[in-house]
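# Inside the fold
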Amino acid sequence: MKIPGLLELNKSLRLLALLGVASLTACSGADIEYEYPRSGAGGKPTYEKEEKIFGEDGFTLLGSDVDDQQASVGSGIAVNSYLWRASLDTISFMPLASADPFGGVIITDWYSPPDTPSERFKINIFILDRALRSDGIRAKVFKQKLAASGQWQDLGIEEKLHRDLEDAILTRARQLRIGSTKN
């Protein structure tokens, strides 16, 4: 028994398979160049030739901002290097619990000032942008007081304290940026 259209389906499948094999064999004849690392200055690997598939600038899906690229050039971190260093400088008196330069998050451990040991503070800093802008940083301050029972109790913090800390970090970041352009 013959099914109508089966002969045409077999021909289509054969043609598709033939085209697939032809395209694979066409790729096998291409010259592939491999580059292996060589040791350079300080034992660091260097490459003789580096070619990119999509040309010198690579491939950009949604576009890029030249300022964004310049903000992180040579810094090795994914956030604005001035904001990062200024944040660490500003809170350098506090112990760090966590610092993530790729996510732009700095979290301190609890710190009690020597003159008020019954109070302690904790700071979370979030660097939100690669550009040195006022909306590129957020700081959150937490305060606790030691109760008579020996337990730490959370206290409210005025919004002004958060903004003052952000302003201090931005001021230090601007100082670092100005200092780097003079050299």
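So, here's what we can say about the structure. (Residues numbered from 1 in each chain as written. Predicted model: local features only at pLDDT ≥ 70, side-chain atom pairs only at ≥ 80, totals over all residues. Heavy atoms only, no water.)

## Focus: the overall build of the protein chain
The helix and strand tally for the protein chain stands at four helices and seven strands. Mapped from its N terminus to its C terminus, the protein chain presents α and β elements in the order α-β-β-α-α-β-β-β-β-β-α. Burial analysis of the protein chain (183 residues in total) assigns 20% to the buried set. Split by element, the accessible area of the protein chain, about 13700 Å² in all, is 56% carbon and sulfur. (Helix = DSSP H or I, 4+ residues; strand = E, 2+ residues; numbered from the N terminus. Buried < 20%, exposed > 50% of the residue type's maximum accessible area, 1.4 Å probe, protein only. Areas by Shrake-Rupley, 256 points an atom, 1.4 Å probe, with all protein chains shown as cover.)

## Some words on the packing of aromatic side chains
The geometry of an aromatic ring pair is captured by two quantities: the separation of the ring centres and the angle between the planes. Enumeration over the complete set of coordinates arrives at one aromatic pair. Taking NZ or CZ as reference, Arg 120 lies 4.5 Å from the ring centre of Trp 110, over its face. (Phe/Tyr/Trp six-rings, centres within 6.5 Å; stacked < 30°, edge-to-face > 60°. Lys NZ or Arg CZ within 6 Å of the ring centre and 35° of its normal.)

## What about the sheet that holds strand E3 (residues 96-100)?
Sheet architecture is open: five strands sit in the order E3-E4-E5-E6-E7, paired in antiparallel fashion. Looking along the sheet, the strands with just one partner apiece sit at the ends: E3 and strand E7 (152-155). Strand-to-strand twist of the sheet, defined as the mean angle between neighbouring strand axes without regard to direction, takes the value 15°. With four bridges connecting them, strand E6 (residues 137-146) and E7 associate as antiparallel partners. For Lys 145, the partnering residue across the bridge sits in E7 and is Gln 153. Across the sheet, helix H4 (residues 159-182) is in contact with strand E5 (119-127) and E6; its angle to E6 comes to roughly 130°. (Pairing = 2+ DSSP bridges. Axes fitted to C-alpha atoms, helices over the stretch in contact; angles between N-to-C directions. Contact = heavy atoms within 4.5 Å.)

## Some details on the packing of helix H3 (residues 81-90) against H4
Packing of H3 against H4 leaves a shortest axis separation of 8 Å and a crossing angle of 120°. Of the possible angle classes, the one that applies to H3 and H4 is oblique. The chirality of how H3 crosses H4 is right-handed. Where H3 abuts H4, its residues Tyr 82, Leu 83, Arg 85, Ala 86, Ser 87, Asp 89 and Thr 90 lie against Leu 165, Ala 168, Ile 169, Leu 170, Arg 172, Ala 173, Leu 176, Arg 177 and Ser 180. The residue makeup of the contact of H3 with H4, split by class, is nine nonpolar, three polar and four charged. (Parallel < 35°, antiparallel > 145°, perpendicular 65-115°, else oblique. Left-handed = near helix turned anticlockwise from the far one by under 90°. Nonpolar A, V, L, I, M, F, W, Y, C, P; charged D, E, K, R; others polar.)

## Re H4
Residues separated by three or four positions in an α-helix point in the same direction, a consequence of the helix having 3.6 residues per turn. The terminal C-alpha atoms of H4, which comprises 24 residues, lie 35 Å apart, in line with the 34 Å expected from a rise of 1.5 Å per residue. For H4, the complete set of buried residues consists of His 162, Leu 165, Glu 166, Ile 169, Leu 170, Ala 173 and Leu 176. In this fold, the buried residues of H4 make contact with H3, E5 and E6. (Expected span 1.5 Å × (residues − 1).)

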